[in-house]
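Structural overview for review
Now for the letters of each chain:
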Amino acid sequence: MDITFQSEKLRGICNDGKLRQRTFGERTSKILGRRLDELRAAGSLADVAKLPAARCHELKGERVGQLAVDLDHPRRLIFEPADPRPSRDDGGLDWSKVTSIIVIENVDYH
């Protein structure tokens, strides 16, 4: 899957192991690196859904249209499908057609 980032600063932090560790701490940094590797290796978002530890899920409320994968509890990596957003006949997101995402943030939104 193709991954882009909402900002150059976020791209730099996520793709530089030392900077990622300084920013998020050792444990979160390690898990974030693993999640990004899993996302890059996936053919589509449907493949990521099969990884129980990632617990990929669609968000609700103010974050409708975004998705998250678990990092170090309670942190989540937030992203959205890159345009155009593929939909099923019922209007829901077609996970099997999401092959490109935009990473928005690493946050505790709880």
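Computed from a predicted model, the values in this text were never measured in an experiment.

What about helix α3 (residues 26-41)?
Between its first and last C-alpha, α3 extends 23 Å over 16 residues, near the 22 Å set by a 1.5 Å rise per residue. Within the span of α3, buried status applies to Thr28, Ser29, Ile31, Leu32, Gly33, Arg35, Leu36 and Leu39.

Digging into the packing of helix α2 (residues 17-24) against α3
It is the contact of α2 with α3, at a shortest axis distance of 7 Å, that shows an interaxial angle of 135°. Between α2 and α3, the angle is such that the two are oblique. Judged by the twist between their axes, the crossing of α2 over α3 is right-handed. Contacts between α2 and α3 pair Gly17, Arg20, Gln21 and Phe24 from the former with Glu26, Thr28, Ser29, Leu32 and Gly33 from the latter. The class makeup of the residues in the contact of α2 with α3 is two nonpolar, five polar and two charged.

Examining the pattern of salt bridges
Tallied over the full model, the rule gives 10 salt bridges. Put simply, aspartate 70 and arginine 55 hold a salt bridge, and the shortest N to O gap is 2.9 Å. Here the residue aspartate 70 occupies a position in strand β3 (residues 67-70), and arginine 55 occupies one in the loop between α4 (45-48) and β2 (57-58), the gap between them amounting to 15 residues. For aspartate 70, a relative accessible area of 14% corresponds to the buried category. Of the charged contacts in the structure, one is a salt bridge between arginine 85 and glutamate 58, with a shortest N-O distance of 3.9 Å. A residue pair is termed long-range when its members are at least 10 positions apart, and arginine 85 in the loop between β4 (76-81) and β5 (100-107) and glutamate 58 in strand β2 qualify at 27 residues. Judged by its relative accessible area of 35%, arginine 85 falls in the partly exposed class. Taking relative accessible area as the criterion, glutamate 58 reaches 35% and is therefore assigned partly exposed. Here the residues in one salt-bridge network are Arg55, Asp70 and Arg76, joined through shared partners.

Focus: the sheet that holds β2
Pairing is mixed in the open sheet, where five strands are placed in the order β1-β5-β4-β3-β2. Single-partner strands in this sheet number two, and they are β1 (2-5) and β2. Pairing between β4 and β5: six bridges, direction antiparallel. By the bridge assignment, proline 81 is partnered in β5 with isoleucine 101. On the sheet, α3 packs against β1, β3, β4 and β5 and is oriented at approximately 130° with respect to β1.

Rules used throughout
- Residues numbered from 1 in each chain as written.
- Predicted model: local features only at pLDDT ≥ 70, side-chain atom pairs only at ≥ 80, totals over all residues.
- Heavy atoms only, no water.
- Helix = DSSP H or I, 4+ residues; strand = E, 2+ residues; numbered from the N terminus.
- Expected span 1.5 Å × (residues − 1).
- Buried < 20%, exposed > 50% of the residue type's maximum accessible area, 1.4 Å probe, protein only.
- Axes fitted to C-alpha atoms, helices over the stretch in contact; angles between N-to-C directions.
- Parallel < 35°, antiparallel > 145°, perpendicular 65-115°, else oblique.
- Left-handed = near helix turned anticlockwise from the far one by under 90°.
- Contact = heavy atoms within 4.5 Å.
- Nonpolar A, V, L, I, M, F, W, Y, C, P; charged D, E, K, R; others polar.
- Salt bridge = Lys/Arg side-chain N within 4 Å of Asp/Glu carboxyl O.
- Pairing = 2+ DSSP bridges.

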